[in-house]
Amino acid sequence: MTAPLTPSQTVGPFFGVGLPFEQGEQIAPPGSAGAIRIEGQVLDGDGQPVPDALLEIWQPATGFGRARTDSEGAFGFTTVKPGAVPAPNGRTQAPHLNVTVFARGLLRHLVTRMYFPDETEANATDPVLNLVAPARRETLVAKSCGGVLHFDIRLQGEQETVFFAI
Amino acid sequence: MSDREDEREPPYLYPDYVGTRLRAPAKPLVRLPDGFHDFPAPVFPRTLVELDHDLTRRHSGEPIGERIIVAGRVLDSDGRPLRNTIVEVWQANAAGRYLDQDDQHPAPLDPNFTGAGRCLTDDEGRYRFITIKPGAYPWKNHRNAWRPAHIHFSLFGSGFRSRLVTQMYFPGDPLMPRDPILQSIPDQAGRERLVSRFDPEATVPEWALAYRWDIVLRGRAATPFEDEP
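Residues numbered from 1 in each chain as written. Chains lettered and ligands numbered in written order. Predicted model: local features only at pLDDT ≥ 70, side-chain atom pairs only at ≥ 80, totals over all residues.

## Regarding the overall build of chain A
For step 1, the next point in the chain: When helices and strands are tallied, chain A shows 2 helices and 11 strands.
For step 2, the next point in the chain: The C-alpha atoms of chain A give a radius of gyration of 16 Å, which matches the 15 Å a tight globule of 166 residues would have.
For step 3, the next point in the chain: Projected onto its principal axes, the C-alpha positions of chain A cover 45 × 40 × 35 Å.
For step 4, the next point in the chain: Out of the 166 residues belonging to chain A, those deemed buried represent 46%.
For step 5, the next point in the chain: By sequence separation, contacts in chain A at least 24 residues apart represent 61% of the contacts at least 6 residues apart. (Helix = DSSP H or I, 4+ residues; strand = E, 2+ residues; numbered from the N terminus. Rg over C-alpha atoms; globule rule 2.2 N^0.38 Å. Buried ≥ 20, exposed ≤ 12 C-beta atoms within 10 Å, placed from the backbone. Contact = placed C-beta atoms within 7 Å.)

## Focus on the overall build of chain B
For step 1, the next point in the chain: Of regular secondary structure, chain B possesses 3 helices and 11 strands.
For step 2, the next point in the chain: The secondary structure elements of chain B, listed N-terminal to C-terminal, are α-β-β-β-β-β-β-β-β-α-α-β-β-β.
For step 3, the next point in the chain: By the compact-globule yardstick of 17 Å for 229 residues, chain B fits well, its C-alpha radius of gyration being 18 Å.
For step 4, the next point in the chain: Across its three principal axes, chain B shows a C-alpha extent of roughly 50 × 45 × 35 Å.

## Details of unusual backbone geometry
All names here are of chain A.
For step 1, the next point in the chain: In the Ramachandran plot, Q23 falls in the positive-phi region, its phi being about 65 degrees despite a non-glycine side chain.
For step 2, the next point in the chain: Here Q23 shows up in the segment before β1 (35-43).
For step 3, the next point in the chain: C-beta crowding within 10 Å serves as the criterion here: with 12 such atoms nearby, Q23 is assigned to the exposed category.

## Examining the confidence of the model for chain B
Low pLDDT marks stretches whose predicted atomic positions should not be read closely.
Residue and element names in this part refer to chain B.
For step 1, the next point in the chain: In this model, chain B carries an average pLDDT of 93, and 93% of its residues clear a pLDDT of 70 or more.
For step 2, the next point in the chain: Taken together, the stretch residues 222-229 has pLDDT below 50 and engages in 7 contacts with residues farther than four places along the chain or on a different chain.
For step 3, the next point in the chain: For this predicted complex, the interface confidence score (ipTM) comes to 0.97, while the overall pTM stands at 0.96. (pLDDT = per-residue confidence, 0-100.)

## Here we look at the interface of chain B and chain A
How big an interface is tends to be stated in terms of the accessible area lost upon association of its parts.
For step 1, the next point in the chain: Each side of the interface is counted separately: chain B has 66 residues, and chain A has 53 residues.
For step 2, the next point in the chain: Tallying contributions element by element places strand β8 (residues 164-169) of chain B first for the side of chain B that touches chain A, with 4 residues.
For step 3, the next point in the chain: When its residues are assigned to classes, the side of chain B that touches chain A shows 36 nonpolar, 14 polar and 16 charged. (Nonpolar A, V, L, I, M, F, W, Y, C, P; charged D, E, K, R; others polar.)

## A word on the sheet that holds strand β8 (residues 110-115) of chain A
All names here are of chain A.
For step 1, the next point in the chain: Taken in spatial order, the 4 strands of this open sheet run β3-β2-β7-β8, and their pairing is antiparallel. The sheet is open, and its two borders are formed by β3 (63-68) and β8, each paired with just one other strand. Direction aside, the axes of adjacent strands within the sheet are offset by 25 degrees on average.
For step 2, the next point in the chain: Bridge analysis of strand β7 (residues 96-103) against β8 gives 6 bridges, and the strand direction is antiparallel. What sits directly across from H96, in β8, is Y115. (Pairing = 2+ DSSP bridges. Axes fitted to C-alpha atoms, helices over the stretch in contact; angles between N-to-C directions.)

Shown next as structure tokens:
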């Protein structure tokens, strides 16, 4: 017998008092060996910044991070790049981070993935990327610019980020 | 998520809740084959946060308001208690004001109330917070919109698919039927699962009323992983 799940509700706009914690965005100390910087912006269906979103990144091999967006919708994490991830069918997934998005206006959280731009070969055979329409795959791959990995999250619209059913 | 579970959750787009209109994804979510999301829940870095289940003892004085106990069990959908799992809560003060610079409700802040707590469940999956009853507050969703009193909860559970952020309400609150956030849940039984019940047995005489609220997170029975010791 399976008990019905407790339903989800929005994180609301005022989670700042409860959820962010100091150094939550630093899975690896900045400047440490292998540390990488991820920066991006959360945008709504009008392309406007979402200043009240909370992001969590998680990969069992590298750790858990949590960061909120600022008044410009911007967020950042410092972490290390994970290795390839085993897939349930015995195949291999390209290195990626699981990204969870909470925000005012999201009655349930959203789950997406950030893949790495320097993994062209692994990304080309990744079983999850290959389930996504080719034109939308690039929403899941960060862009390298000036030593920083840039990863925007578009909740709605033409360039809408791919989100996964969970 | 199975289709049946999906029908019990609020939709992403619920126009009565205006905030969903430009934030709900318009394209269908991509469904992955079984197993791709069956990995353990995030390991919360407990050394970085202070655990405190008593929201009334964070400052030199006592907060204004009605002291309450909020307690219950965290179970997975297979009925197993979730032990030693972190429960995070945050809420408005008794006047309906959050300690947040963006909260513009003209109600007083309380210098003795922050409104946030974290605790771990025990071996039976039980959690317990001591706090003050939050007030209702206005919001600009529609004319004369007021949120029913609620406490926000955040839990991880055992697997990545167990993650839950939700809100707990109080029994008998007349604002609930008018609240689009609560009403976004499609069925009455689902909405009722977010309403705590008054718990006279746990109420402490001469001290605090108690409310009981149990939480059910998605279990991992259908996965090849086994998280029981």
